[in-house]
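# Observations on the three-dimensional arrangement
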Amino acid sequence: MSQTTIPRDDKCNGWYQLLDAPAPARCLNSSETADWLVIGAGFTGLAAARRVAELRPGERVVLLEALRVGQGASGRNTGFVIDLPHKRDLEGDDLACKQQLLSLNRAAVDDLETLVRRHGIDCGWSRAGKYQGAVGERGLKYLDHYETLLRDFDYPYRRLERDELAPILGTHHYAAAIYTANTALMQPAALVRGLGDTLPDNAELFEHTPVVSLNRSGGQWCATTPEGEVRATNLLLGSNIYSREFGFLKHRMLPVMTFASMTRALTDEEMTLFSAVPHHFGLTPADHAGTTVRLTPDRRLIIRNQYRFVPRYHDDLSERTRIRRGHRDSFEARYPTLAHVPFEATWGGACGLSRNYTAFFGRVGDNAWMSGVHQSVGAARGTISGKLLAELATGQDSAQLADMLAVSGKPALNPPEPFLSVGVKTRMKQAAWASRSEL
C-alpha cells in the first residue's frame, strides 16, 4: 500500500473530538506469529476478531488498525444502526431475501446492544427509532413510495405530517415523515472504541499500525507494517475499500465519501424548539441524495449531505469550505432561529459502494475471508457480517450464516479509468442537482 493510500486521520472527526484522550496506543514494532490475523478495527473487523476469539479461545488473534479505533470510517458515520433492509433491497421482489436481511440487521442491533450493556460502553445508545423525512414534492414522492414498500413488507410504521413533526424535529421545514421504531442511535466513535477496549483476552489490538504489504508464502499470510510484521495461518479482512490495495475485489469497489457538520451543544433556550420527549432524534432523507439530520442526547445538531468520489480514499481538504457552506445552508433552512449557532466540526467518512448495489461476504483466497462493500449501511451489516465471517472461517453452521450467504453476491466490475471517474462524478452531480430541493 502506497503512502498516498494509507489511512490517515484528518483530525476533523467531530465524534472523536468529543471523546476523552485514549490510553497510549499499542503499536506493532516486532515480528509476531498468530493463528488469526484481522485487518481493520471498524465494525466488521472488531466483530470478526471478537467472534473468532470466542470460538477459538486457545488461539491467538491479532487485530491491526492503521489509526486509533474510532478515527476511521466506522467512527465517522451519523450514528444509526438500522434494522430495515436498504431501500434498494426493499424495492426487490424477493420477499424471502428481505426477511433474511431484516433478521440479520436485527441480530446486529441486538448484538451491539448486548455488548453495550454488558461492558457499560458509554456511547449514548438508544432505541429511539428513525424518521424518514420529505421536504417538498420530490421528497413526498419518494416518501409515498417508501410507505408502499413498508406496507407491502408488512413492516409497522407511523406517518406524521408537518405540524405533528415540528415539536419532534424543532422545525416546520418537513412536510411529512415516516417513523420506524427499531433503529438504534449511538455515538459511533465511542461505540467502536468501547468495542475495541473489551475484546477477549486472546484478541490483541495494535493501533497506529497500517499494513503496507500483504502476501502469502509458506502456507501463511504475512502482513508487513512500518515497524514489524505478523505471520498468521488465517486472514480475516475488515478493511473494506482498502482491501483492494491488497489485491482483493480490485475494480469492483467505488470509494465514496460523505460529509457531516456538527454544532456546539445547544443552550436551554435554544432547546425549546424541541418540545417533544425524548429530546433527541435521527432523520434520514426520503430522497437518498437529501439531508440526514440528528439531534444528539448532548444537544448537538448534525447535518449530513454531499458526496465525493475518492479513488485514493481521501478528499481534498481545501474543498471542505464549500462543503461546510452547503451544510450551513441546509442547517439554516431548517433552523433559521439557530443561524447564530456555529459548527464545531466538519468531517468526511469513506464508504464502499458497488455498481450493482451488492455487498461481498465470503472466501477470497486460501484461508482468507472478507466482508465489505456495505453500501453505506456498515454499522449493522458490518457488525453481523464480521461475526458470521468468523463463523464461516471456523467451520460453523447456523441459520444466520445461511442467510448471510444467501443475501451476498459479487460486486460488479467497474469500467476502466478515466471513464469510471467521469461517470461517477457526473452521476453524483446529476443526483445533487435533482435533489437540491431536499438538501
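Residues numbered from 1 in each chain as written. Predicted model: local features only at pLDDT ≥ 70, side-chain atom pairs only at ≥ 80, totals over all residues. Heavy atoms only, no water.

### Thoughts on the overall build of the protein chain
The secondary structure content of the protein chain amounts to eleven helices and 18 strands. Reported as C-alpha extents along the three principal axes, the dimensions of the protein chain are approximately 65 × 50 × 45 Å. By the burial criterion, 57% of the 439 residues in the protein chain qualify as buried. A total of about 18,100 Å² of accessible surface is found on the protein chain, and carbon and sulfur atoms cover 50% of it. Charged side chains in the protein chain number 51 positive and 49 negative. The centres of these two groups are separated by 5 Å. (Helix = DSSP H or I, 4+ residues; strand = E, 2+ residues; numbered from the N terminus. Buried < 20%, exposed > 50% of the residue type's maximum accessible area, 1.4 Å probe, protein only. Areas by Shrake-Rupley, 256 points an atom, 1.4 Å probe, with all protein chains shown as cover. Lys, Arg positive; Asp, Glu negative; His and termini not counted. Charge placed at Lys NZ, Arg CZ, Asp CG, Glu CD.)

### Observations regarding the environment of Pro 210
Topologically, Pro 210 is positioned in the loop between strand S8 (203-206) and strand S9 (213-217). A relative accessible area of 11% places Pro 210 in the buried class. Pro 210 sits 146 residues away from Leu 64 along the chain, and the two C-alpha atoms are 7.1 Å apart. In contact with Pro 210, other than residues within four places in its own chain, are Ile 6, Glu 65, Ala 66, Thr 224, Thr 225 and Pro 226. (Contact = heavy atoms within 4.5 Å.)

### Overview of the sheet that holds strand S4 (residues 130-134)
Strand order in this open sheet of eight strands is S5-S6-S4-S13-S14-S15-S12-S16, and the pairing throughout is mixed. With partners counted over all chains shown, the strands left at the sheet margins are strand S5 (158-161) and strand S16 (343-353), one partner each. With direction set aside, neighbouring strand axes in the sheet form an average angle of 25°. Examined bridge by bridge, strand S12 (residues 254-263) and S16 share ten bridges and lie antiparallel to one another. If you follow Leu 254 over to S16, its bridge partner there is Leu 353. Against the sheet, helix H5 (residues 137-152) makes contact with S4, S5 and strand S6 (176-180), and its axis sits at roughly 30° relative to S6, the strand it touches most. Strands in contact with helix H11 (residues 419-434) are S12 and strand S15 (301-309); relative to S15, the strand with the most contacts, it is inclined by about 145°. (Pairing = 2+ DSSP bridges. Axes fitted to C-alpha atoms, helices over the stretch in contact; angles between N-to-C directions.)

### Things to note about the domain arrangement of the protein chain
Here the domain parsing of the protein chain yields domain 1 (1-125 + 187-253 + 356-408) and domain 2 (130-181 + 254-353). Relative placement of domain 1 and domain 2: their C-alpha centres are 26 Å apart. Listed as interface residues are 42 residues of domain 1 and, on the opposing side, 42 residues of domain 2. Of the roughly 3,300 Å² buried at the junction of domain 1 and domain 2 (both faces included), carbon and sulfur atoms supply 63%. Here domain 1 is connected to domain 2 by two salt bridges. (Domains from an automatic or database assignment. Buried area = accessible area lost by both parts, 1.4 Å probe. Salt bridge = Lys/Arg side-chain N within 4 Å of Asp/Glu carboxyl O.)

### Points about the UniProt feature "domain: FAD dependent oxidoreductase" (unreviewed entry) in the protein chain
Per the UniProt record, "domain: FAD dependent oxidoreductase" (unreviewed entry) is annotated on residues 35-392. The span residues 35-392 shows a helical share of 30% and a strand share of 28%, and its end C-alpha atoms are spaced 16 Å apart. (UniProt positions renumbered as here; feature names shortened; annotations may be inferred.)

### Quick word on the packing of aromatic side chains
Taken as a whole and assessed by the stated rule, the structure comprises nine aromatic pairs. Ring geometry for Phe 331 against Tyr 335: centres 5.8 Å apart, planes inclined by 45°, an arrangement best described as tilted. Both residues of the pair, Phe 331 and Tyr 335, count as buried. Each residue in the set Phe 274, Phe 281, Phe 331, Tyr 335 and Phe 343 is aromatic and connected to the rest through ring pairs, giving one cluster. The cationic tip of Arg 436 hangs over the ring face of Trp 433; the distance from NZ or CZ to the ring centre is 3.8 Å. (Phe/Tyr/Trp six-rings, centres within 6.5 Å; stacked < 30°, edge-to-face > 60°. Lys NZ or Arg CZ within 6 Å of the ring centre and 35° of its normal.)

### Notes on the environment of Asp 35
Along the chain, the position of Asp 35 falls in strand S1 (residues 31-39). We classify Asp 35 as partly exposed; its relative accessible area is 28%. Polar side-chain contacts of Asp 35 include one of 2.7 Å to the backbone nitrogen of Arg 60. (Polar contact = N/O pair within 3.5 Å; in protein donor to acceptor, adjacent residues only side chain to side chain.)

### Things to note about the pairing of strand S18 (residues 368-372)
The buried fraction of S18 amounts to five of the five residues, a majority that puts the element mostly inside the structure. On S18, burial covers both faces: Ala 368, Met 370 and Gly 372 on one face and Trp 369 and Ser 371 on the other are all buried. Bridge count between strand S11 (residues 228-237) and S18: three bridges; the pairing is parallel. Following the sheet pairing, Leu 236 is matched in S18 by Trp 369. One ladder, built from five bridges, connects strand S17 (residues 360-365) with S18; its direction is antiparallel. Following the sheet pairing, Gly 365 is matched in S18 by Ala 368. In sequence, S17 turns back onto S18 through a hairpin of two residues, with Asn 367 there showing a positive phi of about 55°.

### Structural notes on the packing of helix H4 (residues 95-119) against helix H10 (residues 399-407)
Two elements in contact, H4 and H10, have axes separated by 9 Å at closest approach and are oriented at 125°. Considering the angle they form, H4 stands oblique to H10. The two elements H4 and H10 meet at a crossing, and its hand is left-handed. Across the interface between the two elements, Cys 97, Gln 100, Leu 101, Leu 104 and Ala 107 from H4 touch Gln 400, Asp 403, Met 404, Ala 406 and Val 407 from H10. (Parallel < 35°, antiparallel > 145°, perpendicular 65-115°, else oblique. Left-handed = near helix turned anticlockwise from the far one by under 90°.)

### Regarding the pattern of salt bridges
Taken as a whole and assessed by the stated rule, the structure comprises 31 salt bridges. One salt bridge in this structure joins Glu 207 and Arg 68, with 3.1 Å as the shortest N-O distance. Of this pair, Glu 207 sits in the loop between S8 and S9 while Arg 68 sits in the loop between strand S2 (61-64) and strand S3 (80-81); the two residues are 139 residues apart in sequence, bridging distant segments of the chain. With respect to burial, Glu 207 and Arg 68 carry one shared label: buried. In this structure, Asp 287 and Arg 138 form a salt bridge, with 2.7 Å as the shortest nitrogen-oxygen distance. Residue Asp 287 is found in the loop between strand S13 (281-285) and strand S14 (292-295), and its partner Arg 138 is found in helix H5; the two are separated by 149 residues along the sequence. Here Asp 287 falls in the buried class, since its relative accessible area comes to 0%. Among the charged side chains, a network of salt bridges with common partners joins Asp 9, Asp 10, Arg 76, Asp 315 and Arg 320.

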